[in-house]
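In case you want the letters, here they are:
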Amino acid sequence: MKAKIRKVAVFLEETLSEMGRTVDPPTRRAAAAAVIENPYAGRYVEDLSELMDIGEELGELLTQKAVAALGITANTAESYGKAAAVGENGELEHAAAILHPKLGTPVRRVLGKGAALIPSSKKRGACGLSLDIPLGHKDAAFVRSHFDGMEVRINDAPRANEILVAIAVTDSGRPLPRVGGLTKSQIKGEDGLR
Amino acid sequence: MPEVRVRKKLILLEDIFHEGGPVSAVPQRRGAALAVIHNPFAGAYVENIAEFMEDLKPFGLSMAQSLVAALGGDPRVVEGYGKGAIVGTAGELEHGALWHVPGGYAMRDLLGGAKAIVPSTKKVGAPGTRLDIPITHVNASYVRSHFDAMEVGINDAPGADEILLALVMTTGPRIHARVGGLKASEIKGEDGLR
């Protein structure tokens, strides 16, 4: 692996009730996060290709870990998202290099499909920051029941020379969706939008 | 349906000149409009909540207008956007989903029929909770230079029976964008994706 990983964390959330109402079956989200060394920390580097390759590696690793945490067959995943936080000696663009050029292909390969854009967010900050990973349906971005977000946080990351990279996968949408819009039963799955 | 009761509003502006690399003559500007409103559904499970979206529509438009005004008044400078919501702890994640339609369409209309889906995230949290709002290009979601995010929050909001609503706009790409992908100059502008 090109990535120098210090730690990997996996988060699994199951929501069994909201406002006193039972959620049946429970909605489930998983996120896997890796804390890696930032090879470009402390200096401006024009060519970011090493981080792009690291993104490809982490795309596969973190998706597999999230799917394993959910305990589902990968092709039954419903929504996904990705995010990265760069330590203070790095640059926002380092997060972009990990997330955007190469990370998505292995995510989709593991999940079997994924016509929709993988929603993302990024930031720079200190240890213990929280990262809100946006979530959207993997085959049709406009499925309103699956617009969501998952917060992850690791108390000792990212250190100044590190990057925290996270991928979230779910097997469901929000717990009690009732604001209308496109439903998953209406997905055509051709253009990634509807 | 209940009226929109506003407790406070906040506008945030960031002018970004560089991030360790070449200094840009024109800063990238990120702006956020936040509003803290009463959650009419706090404290109990309410089945029919969707009509509140109608009440939020004119409010969303006024937030979008105030944000464009803060960015100088010309909607044509806006190149990226996003939205999000934090629901106070006596509310439910689904209450945040009420913001999708009014928040999204307000910006798209104001910006002259922007074509791309407005990326979003949401969570439940206590006063002071921070939210990373994802940002993408207003006319083509896949424009890689415009994948961005802005962290927002208010120290005393949302209270348990409140919702913090947020809209975000940017005036250009990340300040040192250099990870390739679809360029803003290559947008076809037909499907909202490319």
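Residues numbered from 1 in each chain as written. Chains lettered and ligands numbered in written order. Predicted model: local features only at pLDDT ≥ 70, side-chain atom pairs only at ≥ 80, totals over all residues.

Student: Got a minute to help me understand the overall build of chain A in this structure?
Tutor: Counting its regular elements, chain A contains 3 helices and 7 strands. When the helices and strands of chain A are listed from N to C terminus, the series reads β-β-α-β-α-α-β-β-β-β. Per-residue burial for chain A yields a buried fraction of 56% across its 194 residues. Sequence separation of at least 24 residues holds for 80% of the intrachain contacts in chain A that already meet a minimum separation of 6. (Helix = DSSP H or I, 4+ residues; strand = E, 2+ residues; numbered from the N terminus. Buried ≥ 20, exposed ≤ 12 C-beta atoms within 10 Å, placed from the backbone. Contact = placed C-beta atoms within 7 Å.)

Student: Which parts of the structure should I look at to understand the environment of A116(B)?
Tutor: Residue and element names in this part refer to chain B. Along the chain, A116 turns up in the loop between α3 (100-110) and β4 (120-124). Linking A116 and Y142, residues 26 residues apart in sequence, is a C-alpha distance of 9.2 Å. Sequence-distant contacts of A116, that is, excluding residues within four places in its chain, are made with T136, H137, V138, N139, A140, S141 and G192.

Student: Help me understand the interface of chain B and chain A in this model?
Tutor: Often the size quoted for an interface is simply the accessible area lost on bringing the parts together. With 41 residues of chain B in contact, the opposing surface of chain A contributes 42 residues. Where the side of chain B that touches chain A is concerned, the elements lending two or more residues are α2 (93-97), β4, β5 (131-137) and β6 (148-152) of chain B. Element by element, the count of residues in the side of chain B that touches chain A is highest for β4(B), at 4 residues. In terms of residue class, the side of chain B that touches chain A is built from 18 nonpolar, 10 polar and 13 charged. (Nonpolar A, V, L, I, M, F, W, Y, C, P; charged D, E, K, R; others polar.)

Student: Please clarify how the confidence of the model for chain B should be interpreted in this entry.
Tutor: Atom-level detail of predicted coordinates should not be read off regions where pLDDT is low. On average, residues of chain B carry a pLDDT of 95, and 99% of them reach 70 or more. Interface confidence in the predicted complex, given as ipTM, is 0.79; pTM for the same model is 0.88. (pLDDT = per-residue confidence, 0-100.)

Student: Please explain the pairing of strand β6 (residues 148-153) of chain A as it appears in this structure.
Tutor: Sheet faces and side chains relate simply in a regular strand, where the side chains alternate between the two faces. Residue and element names in this part refer to chain A. For β6, a buried count of 5 out of 6 residues is recorded, marking the element as mostly surrounded by other parts of the structure. Summarising the sheet, strand β5 (residues 130-137) and β6 pair through 6 bridges and their orientation is antiparallel. Each residue of the ladder has a partner; that of L131, found in β6, is V152. (Pairing = 2+ DSSP bridges.)

Student: Just checking my understanding: could you explain the environment of I117(B) for this structure?
Tutor: Position of I117(B) among the secondary structure elements: in the loop between α3 and β4. In this structure, the C-alpha to C-alpha distance between I117(B) and S141(B), residues 24 residues apart in sequence, is 7.1 Å. Excluding its chain neighbours within four sequence positions, the residues that come into contact with I117(B) are A141(A), F142(A), L193(A), S141(B) and G192(B).

Student: Looking at this structure, how should I read the nonpolar core?
Tutor: Across soluble globular proteins, you tend to see nonpolar side chains buried next to one another. Counting residues in each nonpolar core, the largest one holds 116 residues, and the members touching the most others are A31(A), I98(A), L164(A), V165(A), A166(A), A168(A) and A166(B). Ranked by the residues each element gives to this core, the list is headed by helix α1 (residues 49-70) of chain A, at 9 residues. Not counting residues up to four positions away in its chain, the partners in contact with A166(A) are A31(A), A32(A), A33(A), K82(A), A83(A), L131(A), I133(A) and V152(A). (Core = buried A, V, L, I, M, F, W, Y, C linked by C-beta atoms within 7 Å.)

Student: Mind showing me how you'd approach α1(A) here?
Tutor: Owing to its 3.6 residues per turn, the α-helix brings residues three or four apart onto one side. With 22 residues, α1(A) ought to run about 32 Å at 1.5 Å a step, and its terminal C-alpha atoms sit 32 Å apart, in line with that. Note on α1(A): the residue one or two positions beyond its end, G71(A), has a positive phi of about 70°. (Expected span 1.5 Å × (residues − 1).)

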